[in-house]
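Residues per chain, in single letters:
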Amino acid sequence: MYLLAAAGIIGIGVYGLLAADHLLRKLLALNLLGSGVFLLMVTLPSRDGPPDPVSHALVLTGLVVAVSITAFALALLDRLYRETGEIRIDALDDDAGADRHADDEH
């Protein structure tokens with residue numbers, strides 16, 4: 001049951017990474033993907049007997065790292081929004097292309 005839930009969460013996370021234009025949605029999808037991996041890491045070792053404390057320690061460490069990286073990514077997204085006014089990838093690509101063409105003209 002937990003393996004199916006982990007596979008579903010990982011699948012939703014991968015879909016969100018591939019389908020979303022908005023960087024905040026991509027960040028949320030990445031967190032969802034990580035949560036599915038953590039669920040998988042806790043579920044797989046405990047199928048054959050008592051739970052493995054090493055996998056639980058790795059998941060706990062991974063959660064702390066994931067929260068830290070998420071906070072840093074949110075700060076970067078905030079800075080990006082303040083600088084450009086956009087957080088979508090396609091809008092950022094359009095702006096970068098316009099900047100390149102403006103540099104070519106000079």
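Residues numbered from 1 in each chain as written. Predicted model: local features only at pLDDT ≥ 70, side-chain atom pairs only at ≥ 80, totals over all residues. Heavy atoms only, no water.

Examining the environment of Ser-55
Argument step 1. With respect to the helices, strands and loops of the structure, Ser-55 is situated in helix 3 (residues 53-84).
Argument step 2. Residues Ser-55 and Val-42, 13 residues apart in the sequence, show an inter-C-alpha distance of 6.2 Å. (Helix = DSSP H or I, 4+ residues; strand = E, 2+ residues; numbered from the N terminus.)

Observations regarding the side chain of Thr-43
Argument step 1. With respect to the helices and strands, Thr-43 occurs in helix 2 (residues 23-43).
Argument step 2. Judged by relative accessible area, which is 10%, Thr-43 ranks as buried.
Argument step 3. Among the polar contacts made by the side chain of Thr-43, one reaches the main-chain carbonyl oxygen of Leu-39 at a distance of 2.7 Å.
Argument step 4. Ignoring anything within four residues of it in the chain, the contact list for Thr-43 reads Tyr-2 and Leu-3. (Buried < 20%, exposed > 50% of the residue type's maximum accessible area, 1.4 Å probe, protein only. Polar contact = N/O pair within 3.5 Å; in protein donor to acceptor, adjacent residues only side chain to side chain. Contact = heavy atoms within 4.5 Å.)

A look at the confidence of the model for the chain
Argument step 1. Looking at the chain as a whole, its pLDDT mean stands at 86, while 87% of the residues score no less than 70.
Argument step 2. Mean pLDDT values over the elements of the chain span from 60, in helix 4 (residues 89-105), up to 94, in helix 1 (residues 2-19). (pLDDT = per-residue confidence, 0-100.)

Let's talk about the side chain of Lys-26
Argument step 1. Summarising the element assignment, Lys-26 is placed in helix 2.
Argument step 2. One buried charged residue, Lys-26, forms no salt bridge at all, with the nearest opposite charge on Asp-21 at 6.5 Å.
Argument step 3. Separated by 2.3 Å, the side chain of Lys-26 and the backbone oxygen of Leu-17 make a polar contact.
Argument step 4. Here Lys-26 is in contact with Gly-16, Leu-17, Leu-18, Ala-20 and Ile-89, once residues within four sequence places are set aside. (Lys, Arg positive; Asp, Glu negative; His and termini not counted. Salt bridge = Lys/Arg side-chain N within 4 Å of Asp/Glu carboxyl O.)

Let's talk about helix 2
Argument step 1. Counted at 1.5 Å a residue, the expected span for helix 2 with its 21 residues is 30 Å, and the 30 Å between its end C-alpha atoms agrees.
Argument step 2. Restricting attention to buried positions, one finds in helix 2 the residues Lys-26, Leu-27, Ala-29, Leu-33, Gly-36, Phe-38 and Thr-43. (Expected span 1.5 Å × (residues − 1).)

So, the pattern of salt bridges
It is possible for side chains of opposite charge to pair when their charged atoms get near one another.
Argument step 1. Applying the stated criterion across every chain yields a total of two salt bridges.
Argument step 2. As a salt-bridge pair, Arg-82 and Asp-78 come within 3.3 Å of each other at their nearest N and O atoms. In this pair, Arg-82 and Asp-78 both sit in helix 3, four residues apart, roughly one turn of the helix.

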